Amino acid sequence: MEIKFQPVNLRHRGRSKMSNTSFSDIAIVSCGTLSLELNHLKAEGFLDTPKIFYTTPGLHQDIPELERQLVRQIHKAKEKSDKVIVVYGGKFCYVNPDHPSRLMQTIIEEQGSGVARINATHCMDMLASEFERGRIAKEIAGGAPVWWMTPGWIKFRKEVFKGWDRGLANENFPRHTGGAVVLDGIGYLDTYMTEHPEDFLEYSDWMGIPIQPYPVSLDRFKLLLVEQAELLRSI
């Protein structure tokens, strides 16, 4: 099936912000799952940050370790800059069953001034909004439930699904009758499927649903980063 992508239309003001904003005085702390996109933005010159600190991918399954690594990396980042952007989702990346009222925002606020978190619910939301994901699901899956992923969920499969066996996979994935869709803003899947076709097919077989890439622009991700950079400079 030929996939035709229509990038999100951004206002001229948004594009102007992206081209004029520097991150040279800002450090970044991020979940390692998004290292592919952030390193891409750094390589192309958009993200001129002096340092990016990563936590281990897949820590949403190990909340105590997620919090330990996140706080430790924020402290390291603050040694490099008095402004830090945290690239973590707010609603789904940190769910603490032992302390339900403790949120990702709670952790961020505890780190003091100069620390701001990107305004998104999870990594998929950083690449495509809920509205955009709905449009994509309707386009390629007829509106059926979709399991969303980013390229990091492919590269870091062992970390993201640490401890999952086929039984657990069968409980979770097949209900997504629209399959798995990878929101790919860096062309990772094209290369991966060419170089590792057997691994890709085995991954799909393990999930019990087809996996397909969907090309997206990184413009939304850039704008979300710019918003927090401007916020930090306004404080």
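The sections below set out a description of the structure shown in this document. Note that this is a predicted model, so its numbers are computed, not measured.

A word on the environment of Met 193. In this fold, Met 193 is placed in helix α10 (residues 188-195). As a C-alpha pair, Met 193 and Pro 213 span 20 residues in sequence and 9.9 Å in three-dimensional space. Ignoring sequence-local partners within four residues, the contact set of Met 193 consists of Phe 200 and Pro 213.

Our next topic: the state of the cysteines. Evaluation of the coordinates by the stated rule reveals zero disulfides. Here Cys 31 stays unpaired: no disulfide links it, and the sulfur of Cys 93, its closest cysteine neighbor, is 6.6 Å away. The thiol of Cys 123 is not disulfide-bonded; the next cysteine sulfur, from Cys 93, is found 6.2 Å away. On the accessibility criterion, Cys 123 (9% relative accessible area) is buried.

This next bit is on the sheet that holds strand β1 (residues 27-31). Here four strands make up an open sheet; going across it, the order is β2-β1-β3-β4 and the pairing parallel. Looking at which strands have only one partner, the edges of the open sheet turn out to be β2 (52-55) and β4 (115-117). If you compare each strand with its neighbour and ignore which way they point, the axes differ by 20° on average. Bridge analysis of β1 against strand β3 (residues 84-87) gives four bridges, and the strand direction is parallel. Looking at β3, one finds that Val 29 is bridged to Val 86. Sheet contacts for helix α2 (residues 35-43): β1, β2 and β3; angle to β2, the most-contacted strand, approximately 170°.

How each quantity is defined
- Residues numbered from 1 in each chain as written.
- Predicted model: local features only at pLDDT ≥ 70, side-chain atom pairs only at ≥ 80, totals over all residues.
- Heavy atoms only, no water.
- Helix = DSSP H or I, 4+ residues; strand = E, 2+ residues; numbered from the N terminus.
- Contact = heavy atoms within 4.5 Å.
- Disulfide = S-S within 2.5 Å.
- Buried < 20%, exposed > 50% of the residue type's maximum accessible area, 1.4 Å probe, protein only.
- Pairing = 2+ DSSP bridges.
- Axes fitted to C-alpha atoms, helices over the stretch in contact; angles between N-to-C directions.

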